[in-house]
4 protein chains.
Amino acid sequence: MIQDPYEAIKELGAAPLWKYYGNLFPAEPKSEAVPYVWRYRDLRPYMLHFSEVLSLHEAERRVLMLVNPGLTEPPATVNSLYAGIQIILPGETAQAHRHSASAFRFIIEGEGAYTTVNGERVDMHPGDLLLTPGWHWHDHSHEGNGPMMWLDGLDYPLVNKLEAGFFELLGVRMQEQTVPANSSTKKFIHGRLLPLWESPAGPHSPIGNYPWSETEKALAGISDEAEGSAVEGIVLEYTNPWTGGPVMPTMSCRVSRLKPGFHGLPFKHTASTIYHVVKGQGETVVDGVKLDWAEHDTFCVPGWAQYAHVNRSASEDAILFSYSDEPVMKALGLYRHI
Amino acid sequence: MIQDPYEAIKELGAAPLWKYYGNLFPAEPKSEAVPYVWRYRDLRPYMLHFSEVLSLHEAERRVLMLVNPGLTEPPATVNSLYAGIQIILPGETAQAHRHSASAFRFIIEGEGAYTTVNGERVDMHPGDLLLTPGWHWHDHSHEGNGPMMWLDGLDYPLVNKLEAGFFELLGVRMQEQTVPANSSTKKFIHGRLLPLWESPAGPHSPIGNYPWSETEKALAGISDEAEGSAVEGIVLEYTNPWTGGPVMPTMSCRVSRLKPGFHGLPFKHTASTIYHVVKGQGETVVDGVKLDWAEHDTFCVPGWAQYAHVNRSASEDAILFSYSDEPVMKALGLYRHI
Amino acid sequence: MIQDPYEAIKELGAAPLWKYYGNLFPAEPKSEAVPYVWRYRDLRPYMLHFSEVLSLHEAERRVLMLVNPGLTEPPATVNSLYAGIQIILPGETAQAHRHSASAFRFIIEGEGAYTTVNGERVDMHPGDLLLTPGWHWHDHSHEGNGPMMWLDGLDYPLVNKLEAGFFELLGVRMQEQTVPANSSTKKFIHGRLLPLWESPAGPHSPIGNYPWSETEKALAGISDEAEGSAVEGIVLEYTNPWTGGPVMPTMSCRVSRLKPGFHGLPFKHTASTIYHVVKGQGETVVDGVKLDWAEHDTFCVPGWAQYAHVNRSASEDAILFSYSDEPVMKALGLYRHI
Amino acid sequence: MIQDPYEAIKELGAAPLWKYYGNLFPAEPKSEAVPYVWRYRDLRPYMLHFSEVLSLHEAERRVLMLVNPGLTEPPATVNSLYAGIQIILPGETAQAHRHSASAFRFIIEGEGAYTTVNGERVDMHPGDLLLTPGWHWHDHSHEGNGPMMWLDGLDYPLVNKLEAGFFELLGVRMQEQTVPANSSTKKFIHGRLLPLWESPAGPHSPIGNYPWSETEKALAGISDEAEGSAVEGIVLEYTNPWTGGPVMPTMSCRVSRLKPGFHGLPFKHTASTIYHVVKGQGETVVDGVKLDWAEHDTFCVPGWAQYAHVNRSASEDAILFSYSDEPVMKALGLYRHI
Ligand SMILES: [Fe+2]
Ligand SMILES: [Fe+2]
Ligand SMILES: [Fe+2]
Ligand SMILES: [Fe+2]
Ligand SMILES: [Fe+2]
Ligand SMILES: [Fe+2]
Ligand SMILES: [Fe+2]
Ligand SMILES: [Fe+2]
């Protein structure tokens, strides 16, 4: 053993743990993501600009990725999740493909566009939540007037970290429609009723669209005296009707109403969260950083950062849509909070 | 051993299996229940009559039990389930109590009555399904005009067979209302959304009322091209939003639409079923017995009896509400069908 | 309406609830079963007697049913369960059949017999627990010397109450052996290891025999300082390795060790239980009735009866095998205790 | 909008998806890990060397990390998992701490050491699998003779990717022993019996040690005619007795027997796997790379790499211990295989 033993073991594929220990086992997690707000009023003009100057040939999808300043390479919005804002113009389409990453669209503005998911045309209206579970074929079309914009949510950062991502083009630009338009929503959204001749086709919700018209009724149905959450207000989770659990195994999607003057208690958990402002304005303090937000803005709360929401208005509700990797943390025994 | 050995073992609490074997292990089940229809148009006058001539003192509840001719002692409608028709007049009440047996009401006619279940007032409208899960306090009141009639469904025959039934009077006639009226329905019925600050309080649905207005939308939302069940038509199950499963652990409640001219395939399973005709007319052939049914009639299909439904009308839908002990059969590994 | 209205509704299949109410909803359950002990030393001579005087032709199975004095027609041991003592002589066989009722054998004495269950020969030794889940083919054989006796446990009273019982003879006397003898036990009993190339074939344990040799080790492995249950002592449940739950959906099988001088706390629950004394002697007071028990005796505790166990010996353990319908009560939301 | 719009959106935290798309959505996963073998006979001398020359003060734990050549920064063995070889000398200890990462030890050689996990001393013998579920206090001691060596398995690469890792020192070097030594194994390993007075304390197995003596019996109990897996041979999964599932939510631990001359079919799945050779010698071809392995070697199969095992011996079994992140892939809907 004349050789330097550290060199020798390196050649054998080994390394001394005693030189790494502290880095591998931090006292607590410190996300590389930072608290951040993406302002819609600032980004919107650029979206319109790019949709005008770039052909679909140049940019198959005109999407602005909301990249966390702490997570630029590879780009992500929080550790395991991504948010982007997509614009589609009348007459445009996006070609049919599928990927392991699960996705959803939360519609911001416009009318007349639709996505087709595994053969079902799903129409979009502002406030609607449309699902594209992992490995489902999807393409988009716009047959209305004016630009259509939506928030894209995906778990590709997680899927890529786990080295489990596949992608496929269908080969034809638009998939065939094999079931009546919007049929899954019609079949599953009303009355807590489930069709007995069907059964789950995977670990995801069968619902193509959770329409805002229903979400509004749900929010309106809860009395002002309802207890709610001291952290998130009147917070509702979109669920998979087959299980009552999250809509997809990797993402929990939620909508919350912060009553006028709501001051949330500070909270901290290992899940990472992306919020999108449906309505209203307020602020969220994240680890001492104040994030001001207004309608259609998107902001994030990294994992294990302390946060507290405030609805600044004394007369108007604030409505937040949000999504997080809480189901991942819980499934793996890693959810923790204080 | 001078004694007759058969006498001797009898005194010791034993009996010879070889004298019983065949009875204990029949080749297949033969329900003691028989196929039967209870006709609303015939029963209704008697319900009105009894509600007039009997004071609440004489009959705390004016209910006509729908007793299967094969199950008179103790009375039951099918082997494990009970159906009754209850009438309540304006100004009347039924005193607060609870029991291990789970119950529901399916409203037939009238307006203005309500039940209070564990502190929540739940209003009744025709077609609504109201739940009273086991061991929930409940009382009824009628503040409207005209008689109110509903179908009571209970699992007391099962609970009593299992020797697991408890009963308690609250002591005061009417329980206090501790939450806003109809709040559980408002909180849980819309948009497949679940309040995140709540969690299941037992193995039953938290919903007090599955309103007909929602059930109608659910039925209307399913396209005429939907596959449905070849046996039951467009058949939907009322579910527990926390699990996606049946509303109560012992009873599955369903609503089905038989399209004009529907001829169901014959089917046979170990579950026992009670059907109530919401609308339309038709016939169900059960083990060779033809049961004709019309609006508001109730009929039963005993377990392991072959049945096939027909909607006689060429132009009108028939709508059937039904409930069965299928969840019991499945939980215990005893569900079987051909 | 000239007719007596009570007569009239009777003809229409209806009955007045107000005349039945109290009977259908008792304040608490009162089992028809009574506390009882079946003494092995008394029954054993009769078993030998019948096995001598009756040919297999006369009595396909020489089984003494342990009939509860309160449950003679149809015969059962407690409300939903049955116990019997079976004897088989060298050279005898019992012909292959199957039934919906689930069964097990707990071996009392003898060596050399075996049962074949769905193609697997399962050998019997005193203290072994052998399963015959519902609808599994089974036949018995005895190739040893001397009589073999065991306790049969079945849920046929439950299955028959639920009108869900089927029975079938295989047609040939002995089924073919299609897998190596005792292979399921070998495959599943050691090291908490599960074969990854297999998957559950139903809601029951795949294990043919839980051998006493392993049960003994399990009991011995628990230190004398272990907390145990104040009611049942060191009580272990035989489990289905695929789920960690009960061996069959309708019956929980258990073994418990009452340390010398153990005085259990009184307890009461809605489940019905049958105990079999593997070793030792003691007494169980059930609703004020003292049941003395000694080795190989069988005794029962009806549902909702208060019971407390005592090990009378100051130096020897008492070991009780037991089974109950607790999984049924829990699955249906009817389990309750005080 | 005089500014370069690409610059402008960058300042607003946005980036053009159309410039990233292909990288984020690869056609299929290509692990950064490479197939690799770590040879025990080569590494062992260095382990002895370091244990001699480094004081515990200099290296709290003498562990050689098995670092995949493709995953050096941060170091990992496969994408989500880590393997290391630890040596501890008589009289040495490792101080009490806990971390979110779940861990296990698979003992390679030596006698007399033990770990203490949440107050329970767990003794180590070659072939034993000892669990340290996430956030369980643990420390190690060696009261025997000669060096003790084991394989450490951890999921810290996954936990760190998910930014969910916490770490804590207990403060005292050795935790107190609060339950009898080895009590969890004694309580849970035999007879598929579960103590009814206990209940799960989290999503992990309660067993401290799956002793090799039991694992050996499990392997021996399976007949040579058993079907097994065409890919992995006679492969058994260590399970959590409360659920029948994996021992910890992030790692499946397995042991497999490759019969003499076994040639496994090639297989490919998204899970990453680390194998440790308990006995025998053979080769595994991974994406065209031949990995030769012998006793006590460790090798890895990255996710979505095709692999096939061969036992080179015509007379001796090969026994492989392995662990993978398959439970993660399955919980998140990302498991896929061909
Ligand atoms: Fe996509
Ligand atoms: Fe789908
Ligand atoms: Fe009632
Ligand atoms: Fe409730
Ligand atoms: Fe049998
Ligand atoms: Fe089986
Ligand atoms: Fe550690
Ligand atoms: Fe633990």
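Residues numbered from 1 in each chain as written. Chains lettered and ligands numbered in written order. Predicted model: local features only at pLDDT ≥ 70, side-chain atom pairs only at ≥ 80, totals over all residues. Heavy atoms only, no water.

**Q** What am I meant to see in the sheet that holds strand 21 (residues 307–311) of chain B here?
**A** Either a parallel or an antiparallel arrangement is found when strands of a sheet pair, and the pairing is made through backbone hydrogen bonds. Residue and element names in this part refer to chain B. Strand order across the open sheet formed by three strands is 19-18-21, with antiparallel pairing between neighbours. Two strands in the sheet have a free side with no partner beyond their single neighbour: strand 19 (289–293) and strand 21. Here the average twist between neighbouring strands, direction ignored, is 20 degrees. Where strand 18 (residues 282–286) lies against strand 21, five bridges are found, and the strand directions are antiparallel. (Pairing = 2+ DSSP bridges. Helix = DSSP H or I, 4+ residues; strand = E, 2+ residues; numbered from the N terminus. Axes fitted to C-alpha atoms, helices over the stretch in contact; angles between N-to-C directions.)

**Q** Looking at this model, I keep getting lost on the confidence of the model for chain A. Mind explaining?
**A** Confidence along chain A averages 96 in pLDDT terms, with 99% of residues attaining 70 or more. We note a pTM of 0.97 for the whole complex and an ipTM of 0.96 for its interfaces. (pLDDT = per-residue confidence, 0-100.)

**Q** I tried to follow the relation of the copies chain A and chain D on my own but got confused; where do I start?
**A** Structural alignment of chain A on chain D gives an RMSD of 0.0 Å, achieved by rotating through 180 degrees and translating 0.0 Å along the axis. Here the transformation between the copies is reduced to the relation of a two-fold axis. Both copies share a contact surface, since 100% of the interface residues of chain A are interface residues in chain D too. (Least-squares fit on C-alpha atoms with pLDDT ≥ 70 in both. Contact = heavy atoms within 4.5 Å.)

**Q** Can you help me understand the sheet that holds strand 3 (residues 62–66) of chain A in this one?
**A** What the seven strands build is an open sheet, ordered 14(A)-9(A)-6(A)-11(A)-4(A)-3(A)-1(D); its pairing is antiparallel. Only two strands of the sheet have a single neighbouring strand rather than two, namely strand 14 (209–210) of chain A together with strand 1 (14–16) of chain D. Where strand 6 (residues 103–109) of chain A meets strand 9 (residues 129–132) of chain A, four bridges bridge the pair, whose relative direction is antiparallel. Paired with Phe104 of chain A across the two strands is Leu131 of chain A, which belongs to strand 9 of chain A. Helix 3 (residues 40–53) of chain A rests against strand 3, strand 4 (82–88), strand 6 and strand 11 (148–154) of chain A together with strand 1 of chain D of the sheet, and its axis sits at about 150 degrees to strand 3 of chain A.

**Q** What is the right way to look at the relation of the copies chain A and chain B in this model?
**A** The two chain copies are related to each other by a rotation about an axis together with a translation along it. When chain A is brought onto chain B, the operation consists of a screw motion whose angular component is 180 degrees and whose axial shift is 0.0 Å, with 0.0 Å RMSD remaining. Looking at the interface residues of chain A, 100% of them are also at the interface in chain B, so both copies use one shared face.

**Q** Would you mind showing me how to read the coordination of the iron ion (ligand 8) here?
**A** Each pair of donors in an ideal octahedron of six around a metal sits at 90 or 180 degrees, and each pair in an ideal tetrahedron of four sits at 109.5 degrees. Summarising the metal site, the iron ion (ligand 8) is bound by the protein donors His136 of chain D (NE2) and His204 of chain D (NE2), whose distances to it range over 2.1 to 2.3 Å. With His136 of chain D in the loop between strand 9 (129–132) and strand 10 (138–142) and His204 of chain D in the loop between strand 13 (193–195) and strand 14 (209–210), this pair connects stretches of sequence that are 68 residues apart. (Donors = N, O, S within 2.8 Å, 3.2 Å for Na, K, Ca; no water.)

**Q** Help me understand the packing of aromatic side chains in this model?
**A** Following the criterion strictly, the structure yields 75 aromatic pairs over all chains and no others. Site record: aromatic cluster; members linked through ring pairs are Phe104, Phe106, Tyr210, Tyr238, Phe321 and Tyr323 of chain A. (Phe/Tyr/Trp six-rings, centres within 6.5 Å; stacked < 30°, edge-to-face > 60°.)

**Q** Sorry, what's going on with the interface of chain A and chain D here?
**A** The accessible area lost on association of the parts is a frequent measure of interface size. Tallying the contact residues gives 76 residues for chain A and 76 residues for chain D. Summing both sides of the interface, chain A and chain D together bury roughly 6800 Å²; the carbon and sulfur share of this comes to 70%. Where chain A touches chain D, the interface holds zero salt bridges. The element that contributes the greatest number of residues to the side of chain A that touches chain D is helix 3 of chain A, accounting for six residues. For the side of chain A that touches chain D, the class distribution of residues is 51 nonpolar, 13 polar and 12 charged. Here strand 3 of chain A runs beside strand 1 of chain D; their pairing, made up of three bridges, is antiparallel. Directly across from Leu64 of chain A, in strand 1 of chain D, lies its bridge partner Pro16 of chain D. (Buried area = accessible area lost by both parts, 1.4 Å probe. Salt bridge = Lys/Arg side-chain N within 4 Å of Asp/Glu carboxyl O. Nonpolar A, V, L, I, M, F, W, Y, C, P; charged D, E, K, R; others polar.)

**Q** What's the story with the pattern of salt bridges in this structure? I'm lost.
**A** Enumeration according to the criterion identifies 68 salt bridges over all chains in this entry. The shortest N-O distance in the salt bridge between Glu109 of chain C and Arg44 of chain C comes to 2.6 Å. With a gap of 65 residues between them, Glu109 of chain C in strand 6 (residues 103–109) and Arg44 of chain C in helix 3 (residues 40–53) connect regions that are remote in the sequence. By relative accessible area, which is 27% here, Arg44 of chain C ends up partly exposed. As a salt-bridge pair, Glu326 of chain C and Arg254 of chain C come within 3.0 Å of each other at their nearest N and O atoms. On the criterion of sequence distance, the pair formed by Glu326 of chain C in helix 7 (residues 326–331) and Arg254 of chain C in strand 16 (residues 252–258) is long-range, its members being 72 residues apart. Neither Glu326 of chain C nor Arg254 of chain C differs from the other in exposure class; each is buried. When salt bridges that share partners are traced, they join Glu283, Lys290, Asp292 and Arg312 of chain A into one network. (Buried < 20%, exposed > 50% of the residue type's maximum accessible area, 1.4 Å probe, protein only.)

**Q** Looking at this model, I keep getting lost on the interface of chain A and chain B. Mind explaining?
**A** At the interface, 39 residues of chain A touch 39 residues of chain B. Approximately 3300 Å² of surface area, both sides summed, lies buried where chain A meets chain B, with 64% of it carried by carbon and sulfur atoms. Among the residues chain A hides against chain B, the three largest losses belong to Arg192, Leu193 and Trp197 of chain A. Together they make up 29% of the total. Where chain A meets chain B, there are zero salt bridges. Along the contact surface separating chain A from chain B lie 12 residue pairs in polar contact (both at pLDDT 80 or more). Of all elements in the fold, only helix 5 (183–188), strand 13 (193–195), helix 6 (212–221), strand 15 (234–238) and strand 16 (252–258) of chain A reach the threshold of two or more residues within the side of chain A that touches chain B. Here the residues of the side of chain A that touches chain B sort into 20 nonpolar, 11 polar and eight charged. Both strand 13 of chain A and strand 15 (residues 234–238) of chain B contribute to a ladder of three bridges, which runs antiparallel. (Polar contact = N/O pair within 3.5 Å; in protein donor to acceptor, adjacent residues only side chain to side chain.)

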